[in-house]
Amino acid sequence: MNESTGTVPFAERAEARDLVCGVVGLGYVGLPLAVELAAAGYRVLGFDVSATVVAGVNAGRSHIKDVAPEALAAVVAAGRLEATTAMERMAECDAVSICVPTPLSKTRDPDVSYVVSATEAVARSLRPGQLIILESTTYPGTTRELVLPMLEKSGLVVGEDFYLCFSPERVDPGNPTWHTTNTPKVIGGITPRCLEAGLAVYGPVMEQLVPVGSTEAAELTKLLENTFRAVNIALVNEMAQVADRLGVDIWEVIDAAATKPFGFMKFTPGPGIGGHCIPLDPYYLAWKMKTLNYKTRMVELAGEINSEMPHFVVNKVQDGLNRHKKALNGSRILLLGVAYKKDIDDVRESPALDVMRLLEEKGATVVYHDPHVPVLEEEGHHKHSVELTDEELSSADCVVITTDHSAVDYERVVRRSRLVVDTRHATRGIRADHIVGLSGEKGGSVTADAVAYATAGR
């Protein structure tokens, strides 16, 4: 390990790609990371509890939309990536990245059971010289207070016999620009030597590494990023309700505010928030601070506002049906989109599922169309996406746009539907009396003369 010479752990072996990297959890975070590590020249072992996932990866079949099948097939065929359910093979790895889920319990407390299980598997095979990197989003202190003691039961000393880091995943499903390698990679170590080891291993893979002084700083960085988004989304969701009561079009207001070249960042409202990170991460921070006798008031208020948006949407549907002299109870409702954001297949924490549940609780019959989610098996639902035929549109008492997928022809949707509740502004520019937005049905409009005057050369 060359402690006496002060050389960076793994530096020479990383440069020569003479390292075996392990990735625990081959989901939205782990599989892209495993493929990029292999593409950079490392030999990679991917670990997963699902035999189906393992078999698919070894056959070169990608189950993650952001991982191109040809990219996966290439590194598998080259012998640089192998998947396995045999956790004891972690002893073969020089570096192990833990990329397992960190959900919330029903009481919104952190569920770190997957992290514990993965760490136990790592601990059973821990040997001198190994680097362990936790990537799963979690509360500040997890790496030092939970993972480290489990590894040190082996008798090995962190920073001397093995190395431990935290490096938060920054995956944005469906983003065509930012992906695993070109998104700056934050990393913190338990000790300076741990950080050096992590930087050495990830250096050949990532375009930019952002070292921080501790694992706690790296953990809090991830929570700050997503809490920032959650709070700002809550603000604009509340402004949508304010604009609705004032009879103002919130989308017009946002677009106008976004013309300010400083001091404003554009966020947009919707039926709620979804994905693995934004709805969950702020609660990890809130839970941790409660243990330190501090209440994160803004974080908890943002969570309340965002969780109310599905109810706001259902009220919009109910009010729209009332104007058509139709009760919500017994109505047929067609949801367009159940993924948590456009053009992806990820339904984790999708607000569309809450809208669906609330509508069904009020007696509506709910069907959905989503070109990216042919089958929905979440929260007790087992539904198949219906075809978006003219008959399906015209037979629905209300069509609710909950996810604005690009593949949908929204002009046709409006033309064939009786009532459209648009929560995503997908019908921007389409004028029809039966469109209900999040706000502004009583709003005004800008005349052609005013536009001409505003855009004329001075």
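The structure presented is a predicted model; accordingly, all values stated were derived computationally and were not measured. (Residues numbered from 1 in each chain as written. Predicted model: local features only at pLDDT ≥ 70, side-chain atom pairs only at ≥ 80, totals over all residues. Heavy atoms only, no water.)

A. Representation of unusual backbone geometry within the structure. Its identity as a non-glycine residue notwithstanding, Arg 17 has a phi of 60 degrees, on the positive side. Following the sequence through the fold, Arg 17 ends up in the loop between helix 1 (11-15) and strand 1 (20-24). Under the relative-accessibility criterion, Arg 17 is labelled partly exposed at 29%. (Helix = DSSP H or I, 4+ residues; strand = E, 2+ residues; numbered from the N terminus. Buried < 20%, exposed > 50% of the residue type's maximum accessible area, 1.4 Å probe, protein only.)

B. Inspection of a nonpolar patch on the surface at higher detail. A cluster of nonpolar side chains, namely Leu 235, Met 239, Val 242 and Leu 246, defines an oily patch on the protein surface of about 370 Å² accessible area. By the secondary structure assignment, Met 239 is in helix 8 (residues 215-246). (Patch = residues over 30% accessible without salt bridge, like charges linked within 9 Å, V, L, I, M, F, W, Y side chains within 5 Å. Areas by Shrake-Rupley, 256 points an atom, 1.4 Å probe, with all protein chains shown as cover. Salt bridge = Lys/Arg side-chain N within 4 Å of Asp/Glu carboxyl O.)

C. Inspection of the environment of Thr 181 at higher detail. Within the element layout of this structure, Thr 181 appears in the loop between strand 6 (163-166) and strand 7 (185-189). Counting along the chain gives 98 residues from Thr 181 to Pro 279, while the straight-line C-alpha distance between them is 25 Å. When sequence neighbours within four positions are dropped, the list of residues in contact with Thr 181 reads Glu 36, Val 205, Met 206 and Glu 207. (Contact = heavy atoms within 4.5 Å.)

D. Spatial organisation of the sheet that holds strand 15 (residues 435-436). Within the open sheet, the 5 strands sit side by side as 10-9-13-14-15. Their pairing is parallel. In this open sheet, the two edge strands, each paired with only one partner strand, are strand 10 (365-369) and strand 15. Bridge count between strand 14 (residues 420-422) and strand 15: 2 bridges; the pairing is parallel. Among the inter-strand pairings, Val 420 is bridged to a residue of strand 15, identified as Ile 435. Sitting on the sheet, helix 11 (residues 297-323) touches strand 9 (332-336), strand 13 (398-401), strand 14 and strand 15, and the angle it makes with strand 13 is about 155 degrees. Along the sheet face, helix 12 (residues 351-361) touches strand 9 and strand 10 and points at about 180 degrees away from the line of strand 9. (Pairing = 2+ DSSP bridges. Axes fitted to C-alpha atoms, helices over the stretch in contact; angles between N-to-C directions.)

E. Molecular detail of helix 4 (residues 69-77). Of all the positions in helix 4, only Leu 72, Val 75 and Val 76 are classed as buried. Projected down its long axis, helix 4 shows its buried positions confined to an angular sector of 105 degrees, all on one face. Opposite the packed face of helix 4, turned more than 90 degrees from it, sit the exposed residues Glu 70 and Ala 77. In this structure, the buried residues of helix 4 make contact with helix 2 (30-39), helix 3 (51-58) and strand 3 (81-84). Directly after helix 4, the chain includes Gly 79, whose backbone phi takes a positive value near 80 degrees. (Arc of directions from axis to C-beta.)

F. Representation of the packing of aromatic side chains in the model. Per the stated rule, a full pass over the model turns up 3 aromatic pairs. Arranged with centres 4.8 Å apart and planes meeting at 50 degrees, the rings of Tyr 139 and Trp 287 form a pair that is tilted. Taken together, the residues Tyr 139 in the loop between strand 5 (131-134) and helix 6 (142-152) and Trp 287 in helix 10 (residues 281-291) connect sequence positions 148 residues apart. Classification of Trp 287 by relative accessible area gives partly exposed; the value is 27%. Where Phe 228 meets Phe 267, the ring centres are 5.8 Å apart and the plane angle is 65 degrees; that geometry is what we call edge-to-face. Of this pair, Phe 228 sits in helix 8 while Phe 267 is found in the loop between helix 9 (250-257) and helix 10, placing the two residues 39 residues apart along the sequence. Phe 267 sits in the buried class, given a relative accessible area of 13%. (Phe/Tyr/Trp six-rings, centres within 6.5 Å; stacked < 30°, edge-to-face > 60°.)

Geometric descriptors of this kind do not, in isolation, establish any biological role.
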